[in-house]
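# Inside the fold
Spelled out from the first residue to the last, the chains are:
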Amino acid sequence: MAHLDEVGFAISGIARDGTVTLARRGGFLLSLWEGQPALAHVDVDGRPSSVRGIFLARDRARVAQPAALTAWF
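Since this is a predicted model, take the numbers as computed values, not measurements.

About the thresholds
Residues numbered from 1 in each chain as written. Predicted model: local features only at pLDDT ≥ 70, side-chain atom pairs only at ≥ 80, totals over all residues. Heavy atoms only, no water. Helix = DSSP H or I, 4+ residues; strand = E, 2+ residues; numbered from the N terminus. Patch = residues over 30% accessible without salt bridge, like charges linked within 9 Å, V, L, I, M, F, W, Y side chains within 5 Å. Areas by Shrake-Rupley, 256 points an atom, 1.4 Å probe, with all protein chains shown as cover. Salt bridge = Lys/Arg side-chain N within 4 Å of Asp/Glu carboxyl O. Buried < 20%, exposed > 50% of the residue type's maximum accessible area, 1.4 Å probe, protein only.

What follows concerns unusual backbone geometry. Positive phi values are uncommon outside glycine, yet D45 reaches one of about 55°. Tracing the sequence through the fold places D45 in the loop between β3 (37-44) and β4 (47-55).

A separate point is a nonpolar patch on the surface. A grouping of V7, F28, L29 and L32 is seen on the molecular surface, where their side chains present a nonpolar patch of about 360 Å² in accessible area. On the basis of relative accessible area, V7 is assigned to the partly exposed category, the value being 40%.

Attention shifts here to the environment of G26. Following the sequence through the fold, G26 ends up in strand β2 (residues 19-26). The spacing of G26 and L56 is 30 residues in sequence and 19 Å in space, taken between C-alpha atoms.

Function cannot be inferred from these measures alone, as they are strictly geometric.
Structure (structure tokens):
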């Protein structure tokens, strides 16, 4: 037997500088993603495509686990 959590995010906002705010969809420690490569799956003209980016690290960690993450693609 094995247990596998699904790890994923939904884009909850897009800033003027092109960064996106991500809402958690699935369970895992969010701080472990900071500074790691990111991959967004999007539809472009009705066709699936992938966009590479990076999960951004926080400037200051006031709490161990952030409520949301940001990424740049």
